[in-house]
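Each chain is listed here by its residues.
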Amino acid sequence: MTAHLLGNLIGRFLLSYALIWLVMFLILSRLNWRDAFRRTNHWSALIATTTTFLIGLIAHGAEP
């Protein structure tokens with residue numbers, strides 16, 4: 001595994017986590033960043049993060 005590929009995968013996962021955290025921050029935790037982090041570390045948010053990550057990988061692989 002090359003450093004480029006590893007950096008790409010880690011970056012995609014971090015952006016997926018940030019996207020889910022932003023949704024939690026804006027919608028569910030009413031602009032409370034601590035509550036957003038607590039909610040993001042729940043099992044359901046981790047599944048949402050992994051799903052978002054995998055959708056991004058599949059969409060990138062489908063490009064011609």
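Above this text sits the structure in question.
Here is what the cut-offs are and how they apply
Residues numbered from 1 in each chain as written. Predicted model: local features only at pLDDT ≥ 70, side-chain atom pairs only at ≥ 80, totals over all residues. Heavy atoms only, no water. Helix = DSSP H or I, 4+ residues; strand = E, 2+ residues; numbered from the N terminus. Rg over C-alpha atoms; globule rule 2.2 N^0.38 Å. Buried < 20%, exposed > 50% of the residue type's maximum accessible area, 1.4 Å probe, protein only. Contact = heavy atoms within 4.5 Å. Areas by Shrake-Rupley, 256 points an atom, 1.4 Å probe, with all protein chains shown as cover. Expected span 1.5 Å × (residues − 1).

S.K.: For this particular structure, what's the right way to read the overall build of the chain?
M.R.: Each helix and strand counted, the chain has 3 helices and 0 strands in total. Tracing the chain from N to C terminus, the helices and strands come up as α-α-α. Here the C-alpha radius of gyration of the chain, 13 Å, is well above what a compact globule of 64 residues would show, namely 11 Å. Taken over the C-alpha atoms alone, the chain extends approximately 40 × 25 × 20 Å along its principal axes. Within the chain, buried positions represent 20% of all 64 residues. Partitioning the intrachain contacts of the chain with sequence separation of at least 6 by distance along the chain shows that 49% fall at a separation of at least 24. Of the accessible surface of the chain, which amounts to about 4,900 Å², a share of 72% is contributed by carbon and sulfur atoms.

S.K.: What's the story with helix H1 (residues 3-28) in this structure? I'm lost.
M.R.: Given 3.6 residues per turn, any residue in an α-helix points the same way as the ones three and four places further on. The terminal C-alpha atoms of H1 lie 36 Å apart, and with 26 residues this matches the ideal 38 Å at 1.5 Å per residue to within 8%. Residues of H1 that are buried: Ser 16, Tyr 17, Ile 20, Trp 21, Met 24 and Phe 25. In this fold, the buried residues of H1 make contact with helix H2 (33-40) and helix H3 (43-61). Backbone geometry just after H1 places Arg 30 at a positive phi near 55 degrees.

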